[in-house]
Amino acid sequence: MIIRKKPPKPHPPGTPFRHENHPRPVSRRDFLAAGYLGAQGMVIGSAWLGGLLKSQNARAAGGPGLDADILPLRANTQCNVPNGGGGLGYICFDLAGGANLVGSEALVGVQGGQANFLSVAGYGKLGVPGNMVPSSSANISSALGLLWHSDGAILRGIMSVASATTLANVNGAVIPAMSQNDTQSNTTNPIYGIYKAGAAFAGGAMGSVTPLVGTESSTSGGNSQALMYTINPAWQPATIQQPSDAVALAPPSPGGAPDPLALAELQSAARISTGTAAYAGAASSGTEFTGVLSNPSGSTPGIELYAPGAQVTQGVNADPALKNQVRCAYVKAANTANTFYAGSAGLDPTQDTNITNGIFTAAQLANDNDAQMTASVMKLVIDGYAGAGTISMGGYDYHDGSRATGETRNFKAGQMIGAVLEYAARSKTPVMVQLMSDGSLSSSSMVDTSTAGRNKLGWQGDNSSVAATVFLVYSPNGRPALRNGAAGQQIGYFSADGSVVTSSSPAANSVNQIPELIILNYMGLLGTDAQFTSLFPMQGLGGAAALGAMTALQKIV
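Residues numbered from 1 in each chain as written. Predicted model: local features only at pLDDT ≥ 70, side-chain atom pairs only at ≥ 80, totals over all residues. Heavy atoms only, no water.

Another aspect to go through is unusual backbone geometry. It is generally the case that most residues other than glycine have a negative phi and that most peptide bonds are trans. Even without being a glycine, asparagine 80 presents a positive backbone phi close to 50°. Tracing the chain through its elements places asparagine 80 in the loop between α2 (50-54) and β2 (89-95). Residue lysine 428 is not a glycine yet carries a positive backbone phi of 55°. Positionally, lysine 428 belongs in the loop between α13 (404-427) and β11 (431-437). Lysine 428 gets classed as exposed once you look at its relative accessible area, which sits at 65%. (Helix = DSSP H or I, 4+ residues; strand = E, 2+ residues; numbered from the N terminus. Buried < 20%, exposed > 50% of the residue type's maximum accessible area, 1.4 Å probe, protein only.)

Written out as structure tokens, the structure is:
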């Protein structure tokens, strides 16, 4: 009697899975990883100012444009409202559930670099069957600069959207590093540190409309947590789920021109709340603020604002600093109202021909949640309306025994990454794209012979010891040059049998150092990596020599 085991059933895109060895989903993150929820997006702004910004009761007459007393407050010595563009955008794809990112995707090797290959068994652990191991040059692609398996689903997805000309200007690195499986507790999101580094390079701020954009109602804007010591509470999440939400970052303005009433309200609110006298920064006594938030004096009532903890922090008096934050929120909102209005396509990806002519179809922008999110986030970041962003994609806990499910979902992630790279190329703007997940998974010995399975090994179960993160960089000036040769494109390494060597880099067994490595490499692209230790004194990557060895690419900006 022959007993035949029923082959695993793949899960089509959008279909959730329920694993026998996983508890029932409870949290929003559990539902996202299992594919019960699609991607959602958010923008990050100043949540504690929300009540003030919604109370726009001041009425004043005035025409379009910022008034003479408000206009100087846009300057970098006051509110430092960016004009947009001119820096290096950053977008992170956070694949919830524990996706495969290396071996079958970006190549990893033992000590010495990507081309120092693992054993056949090691690649088998990473889902690569013996006849597809990268020891054969036919199984290696250098299309992205960073070596990739030639049949990698993410690579195929990228190449289905981004042109060969675009990809010729791309390079990157892979970071073998363990992270916990199926959890939102990994502190791997670098977005606040990216903003801090980018703002320092740009003169104090990035993002002419909002500092950051992201997905999920979390502090990081993604599935994984932000690096704790980099979090700035002034940048809190607000949800974006579709292009219309991006457009809604600016107030409505009928008539195809800036709404004079909205402009008058916002500017009047700044005058009434704080006045328009110049802010003295760290030397401020707070007396330059008038109106509702003027200081109490003797029998004259007033308002003094306190920050949590010490009232004076790092030489800056919290009261005037917070009052200036209130004022600048109104000034920035007024600048946004003056710049974007009905009939202006500035914030709307569906009106951008660089997006609609060949990157995303009208049907995708109308019906595909991942495409809607990616189009909105990439436009805001690459056009300089936001400084950096995170896109969470759900359903990457795909160890259902098949290979087809993982191939299909990784291909979709690749399409979204390709869209970002292609849009950056059409916009002639550099961008850094990071790809990460919470843990990873290892394969079984069963070959999936289905069309979508592509004769590769099925995914069997979670495995944090094969996790990694990858970043790609596009530059309009050509493929970014390597700083430490090809060996430097792999920061850390695997053992020959296919596991992360935990001593191979500071990040290999410490999730806190993963975002630090991304921030360091972002600063390397800006040419400011020498300032890394002073800007992030709590970093744990080491001294100058160690930092230099872990910086993969040369300056591009």
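Let's shift gears to the state of the cysteines. Going through the model one piece at a time under the given rule, you end up with one disulfide. Two residues, cysteine 79 and cysteine 328, share a disulfide whose sulfurs are 2.1 Å apart. Judged by the torsion about the S-S bond (-80°), the cysteine 79/cysteine 328 disulfide is left-handed. Separated by 249 residues along the polypeptide, cysteine 79 in the loop between α2 and β2 and cysteine 328 in helix α9 (residues 318-339) bring together distant segments of the chain. Take cysteine 79: its relative accessible area is 13%, and that puts it in the buried class. (Disulfide = S-S within 2.5 Å.)

The next point concerns empty space enclosed by the protein. Counted by the stated rule, this structure contains two cavities of 30 Å³ or more. Quantified by volume, the largest cavity comes out at close to 50 Å³. Ala177, Ser179, Thr188, Met436, Ser437, Ala467, Ala468, Thr469 and Ile514 together form the lining of the largest cavity. Every element with two or more residues in the lining of the largest cavity is listed here: β11 and β14 (468-474). The volume enclosed by the second largest cavity comes to roughly 30 Å³. In terms of lining, the second largest cavity is formed by Trp148, Ile417, Val433, Gln434, Leu435, Val470, Phe471 and Leu472. Its residues assigned to classes, the lining of the second largest cavity shows seven nonpolar, one polar and no charged. (1 Å grid on protein atoms, 1.4 Å probe; cavity = no way out; pocket = protein on both sides within 12 Å on 5 of 7 lines; lining within 4 Å. Points joined across faces, edges and corners; volume = space filled by probe spheres on them. Nonpolar A, V, L, I, M, F, W, Y, C, P; charged D, E, K, R; others polar.)

Moving on: the environment of proline 134. Residue position: proline 134 is located in the loop between α3 (120-125) and β3 (140-144). Exposure remark for proline 134: the relative accessible area of 0% places this residue in the buried category. Those residues in contact with proline 134, other than ones at most four positions away along the chain, are Leu107, Phe117, Tyr123, Asn139 and Ile140. (Contact = heavy atoms within 4.5 Å.)

The N-to-C vectors of helix α6 (residues 191-202) and helix α14 (residues 513-526) enclose an angle of 20°; their axes lie 9 Å apart at closest approach. Between α6 and α14, the interaxial angle falls into the category roughly parallel. Regarding α6 and α14, the two cross each other, and that crossing is right-handed. Between α6 and α14, the contacting residues are Gly193, Ile194, Ala197, Gly198 and Phe201 on the first element and Ile518, Ile519, Tyr522, Met523 and Leu526 on the second. (Axes fitted to C-alpha atoms, helices over the stretch in contact; angles between N-to-C directions. Parallel < 35°, antiparallel > 145°, perpendicular 65-115°, else oblique. Left-handed = near helix turned anticlockwise from the far one by under 90°.)

So, on to the packing of aromatic side chains. Inspection of the entire model under this criterion finds three aromatic pairs. Seen in terms of ring centroids, tyrosine 279 and phenylalanine 289 are 5.8 Å apart; in terms of plane orientation they differ by 45°. Their pairing is tilted. In this pair, tyrosine 279 sits in the loop between α8 (260-274) and β8 (312-313) while phenylalanine 289 sits in the loop between α8 and β8, placing the two residues ten residues apart along the sequence. Per residue, the accessibility class of tyrosine 279 equals that of phenylalanine 289, and both read buried. (Phe/Tyr/Trp six-rings, centres within 6.5 Å; stacked < 30°, edge-to-face > 60°.)

Here we take up the environment of serine 179. Mapped onto the secondary structure, serine 179 falls in the loop between β5 (170-176) and α6. Taking the relative accessible area as the measure of exposure, serine 179 reaches 8% and is therefore buried. Between the C-alpha atoms of serine 179 and valine 466, which are 287 residues apart in sequence, the distance is 9.0 Å. What serine 179 contacts, discounting residues up to four positions off in sequence, is Asn186, Ser437, Asp438, Gly439, Ser464, Ala467 and Val511. Reaching out from serine 179, the side chain makes a polar contact with the backbone nitrogen of glycine 439 at a distance of 2.9 Å. (Polar contact = N/O pair within 3.5 Å; in protein donor to acceptor, adjacent residues only side chain to side chain.)

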